[in-house]
Amino acid sequence: MTIRVVVADDQELVRSGFAMILDAQEGIEVVAEVGDGAAAVEAVARLAPDVALLDIRMPALDGIEACRAISARSACRTVMLTTFDSDEYVYEALHAGASGFLLKDVRRDDLVHAVRVVAAGESLLAPSVARRLIEEYTAATARPSLSADRLEVLTARERETLLHLGRGLSNAEIAASLVVSEHTVKSHVGNVLAKLGLRDRIQAVICAYETGLIAAGTPSGE
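Definitions and limits used
- All chains use their own residue numbering, which begins from 1 and follows the written sequence.
- Reporting of local features is limited, given that this is a predicted model, to residues whose pLDDT is at least 70; pairs of side-chain atoms are given and counted only at 80 or more, and all residues count toward the totals for whole chains, interfaces and linings.
- In computing side-chain properties, one takes all heavy atoms of the structure into account and sets aside hydrogens as well as water.
- Joining through side-chain atoms within 4.5 Å is the link that ties buried Ala, Val, Leu, Ile, Met, Phe, Trp, Tyr and Cys residues into a set, and such a set is a nonpolar core.
- Buried means the residue's accessible area, taken with a 1.4 Å probe over protein chains only, is under 20% of the maximum for its type, while exposed means over 50%, and partly exposed covers the values in between.
- Helix and strand definitions follow DSSP, with helices as H or I runs of at least four residues and strands as E runs of at least two, each counted in order from the N terminus.
- Pairs of residues are marked as contacts when any of their non-hydrogen atoms sit within 4.5 Å.
- Between Lys or Arg on one side and Asp or Glu on the other, a salt bridge is scored when a side-chain nitrogen of the former is within 4 Å of a carboxyl oxygen of the latter.

Colleague: Before we move on, can you summarise the nonpolar core with the specific residues and values?
Modeller: If you look at the biggest cluster of nonpolar residues, it comprises 27 residues, and the most contacted ones within it are Ala52, Leu54, Ile70 and Met80. Taken together, the elements giving at least two residues each to this core come down to strand 1 (3-8), strand 2 (28-34), helix 2 (37-47), strand 3 (51-55), helix 3 (63-73), helix 4 (90-95) and helix 10 (201-210). Of all the elements, helix 3 adds the most residues to this core, at five residues. Sequence-distant contacts of Leu54, that is, excluding residues within four places in its chain, are made with Ala8, Ala40, Gly63, Ala66, Cys67, Ile70, Thr78, Val79, Met80 and Leu81. Listed in part, the 22 residues of the second largest apolar core include Val79, Leu81, Leu111 and Ala114.

Colleague: Give me the pattern of salt bridges: which residues, what numbers.
Modeller: In this structure the tally under the stated criterion is seven salt bridges. One salt bridge in this structure joins Arg46 and Glu42, with 2.8 Å as the shortest N-O distance. Note that Arg46 and Glu42 are positioned in helix 2 at a spacing of four residues, about one turn of the helix. Owing to a relative accessible area of 40%, Glu42 belongs among the partly exposed residues under this scheme.

Written as structure tokens, this is what we have:
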């Protein structure tokens, strides 16, 4: 099945470069190139793509608001693009529903991989951004914003899996910690996402902190 992609960036060279790379790949088709967030939202509504690549900073409607609108109105998954991995809007973008976050200097193969991974229903972050997300949460002092009752639908093992997801562990690391197979972990992760109505692992990280499963200020490795 062909993965349909919308590319949105106000820099024409970046936009056309990404589109050219993706269009050259088997099983990927760029169905629209647009230069602002409002046009991205319109293109997604009109063309129903599988993935939208959104620059965080765009005119008319920025990438975060475009992501929020797209996530609320469609099944299209979004990957945010930025120039600097220190972008202050990382968490806000992920909270808006983004499934991935990439730097604009991403390698060709990694860009293609990101689109395929996100289209398959997984989440993807540059490692430096993933670490920062965890660090920002653990450094926060705000109280949990979601009721812990939300987690009552989980079994004890699923709750433990969510705890590890919140600490940023991979499936392999979770499997080693729980002394089970990676296949079993994948099943637990799927159950956690389904029961809590979460799109992907990124939202699971957010949920772990917002329900107080992981206390603010707790180092991510503990």
